[in-house]
Amino acid sequence: KQWYQRRVRVPKWHLELAEDIMWGCYHSYITQPTGLAAEFVRFKPDGVEALSTENHLRPETVESLFVLWRVTRKEEYRDMAWNIFQAFERVSRTCAGYTTVYDVRDIHTVTLDVMESFFLAETLKYLYLLFDDDALPLDKWVFNTEAHPLPILTDFEGWY
């Protein structure tokens, strides 16, 4: 059994729902000419509608891809992550780092000369971990909301 099957008992539909939501999130990237998702989107029966135009290099989608890859080992999650990374490289990369994109709907978009700290601390960390199978196994580490790895303690003697 995989570690997540031993430690946590959840209905199979939870994972299926997570995968469906992930496809929706990924779709918000691949439907834009830049390959980057808008900051705010609306999911509609006929597709994804961008409610804003900017992309701030946020980590949530690649974090979800990381977790789904580690849980399922489905190569499609790495492929999705690689496509998102390539879009960051193609559209957001500058000589000094990466930057927020003004309009994900325009391949010739203006960049905003802003790189939020979470891009390095979270987005790139999750992208790295997606392609390093041995780093920080999820049966020994847990990540807080800022992507800091914390060891899972199994021996609490002396902690109280």
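The coordinates are above.
Within each chain, residue numbers correspond to sequence positions counted from 1 in written order. At least 70 in pLDDT is required for a residue's local features to be given in this predicted model, at least 80 for side-chain atom pairs to be given and counted, and no such filter applies to totals for whole chains, interfaces and linings, which use all residues. Working from all heavy atoms in the structure, the side-chain values ignore hydrogens and water.

Student: Break down helix 5 (residues 117–130) for me, citing the residues and quoting the values.
Tutor: With 14 residues, helix 5 should cover 20 Å at 1.5 Å per step; its first-to-last C-alpha distance of 20 Å lies within 8% of that length. Considered for burial, the residues of helix 5 that qualify are Phe118, Phe119, Glu122, Thr123, Tyr126, Leu127, Leu129 and Leu130. Summarising the contacts, the buried residues of helix 5 are in contact with helix 3 (60–72), helix 4 (75–92), strand 4 (97–98) and strand 5 (141–143). Secondary structure elements are defined from DSSP: runs of H or I of at least 4 residues count as helices, runs of E of at least 2 residues count as strands, and each element is numbered from the N terminus. Expected span, for any helix, means 1.5 Å times one less than how many residues it has. Using a 1.4 Å probe on the protein chains alone, a residue whose accessible area is under 20% of its type maximum counts as buried, one over 50% counts as exposed, and one in between counts as partly exposed. Should any heavy atoms of two residues lie within 4.5 Å, those residues are considered in contact.

Student: Lay out the environment of Pro149 in plain terms, naming residues and giving numbers.
Tutor: Looking at where Pro149 falls in the secondary structure, it is placed in strand 6 (residues 149–151). Given the relative accessible area of 30%, Pro149 is considered partly exposed. Distance from Pro149 to Ala96, taken between C-alpha atoms, is 27 Å for residues 53 residues apart in sequence. The contact partners of Pro149, leaving out residues within four places of it in the chain, are Lys125, Leu136, Trp141, Val142 and Phe143.

Student: Explain the nonpolar core residue by residue, including any values.
Tutor: Put simply, a nonpolar core is a bunch of buried Ala, Val, Leu, Ile, Met, Phe, Trp, Tyr and Cys residues held in one set by side-chain atoms that sit within 4.5 Å of each other. Ranked by internal contacts, the top residues of the largest apolar core, which has 31 residues, are Leu36, Leu65, Phe66, Tyr77, Ile84, Phe88 and Leu130. When residues of this core are traced back to their parent elements, those giving at least two are helix 2 (12–30), helix 3, helix 4 and helix 5. Residues in contact with Tyr77, not counting those within four places in the same chain, are Glu19, Met22, Leu65, Leu68, Trp69, Thr72 and Leu130.

Student: Account for the pairing of strand 2 (residues 47–50), naming residues and giving values.
Tutor: Two strands make a pair as long as DSSP finds a minimum of two bridges between them. Strand direction decides the pairing type here: strand 1 (residues 41–44) and strand 2, joined by 4 bridges, are antiparallel. Bridge pairing links Phe43 to Val48 in strand 2. Hairpin connection of strand 1 to strand 2: 2 residues between the antiparallel strands.

Student: Could you give an account of the environment of Leu36, with specific residues and numbers?
Tutor: By secondary structure assignment, the location of Leu36 is in the loop between helix 2 and strand 1. Placed 52 residues apart in sequence, Leu36 and Phe88 show a C-alpha to C-alpha distance of 7.4 Å. Discounting residues that sit within four places of it in the chain, Leu36 has contacts with Ser28, Tyr29, Asn55, Ile84, Ala87, Phe88, Val91, Ser92, Val101 and Val104.

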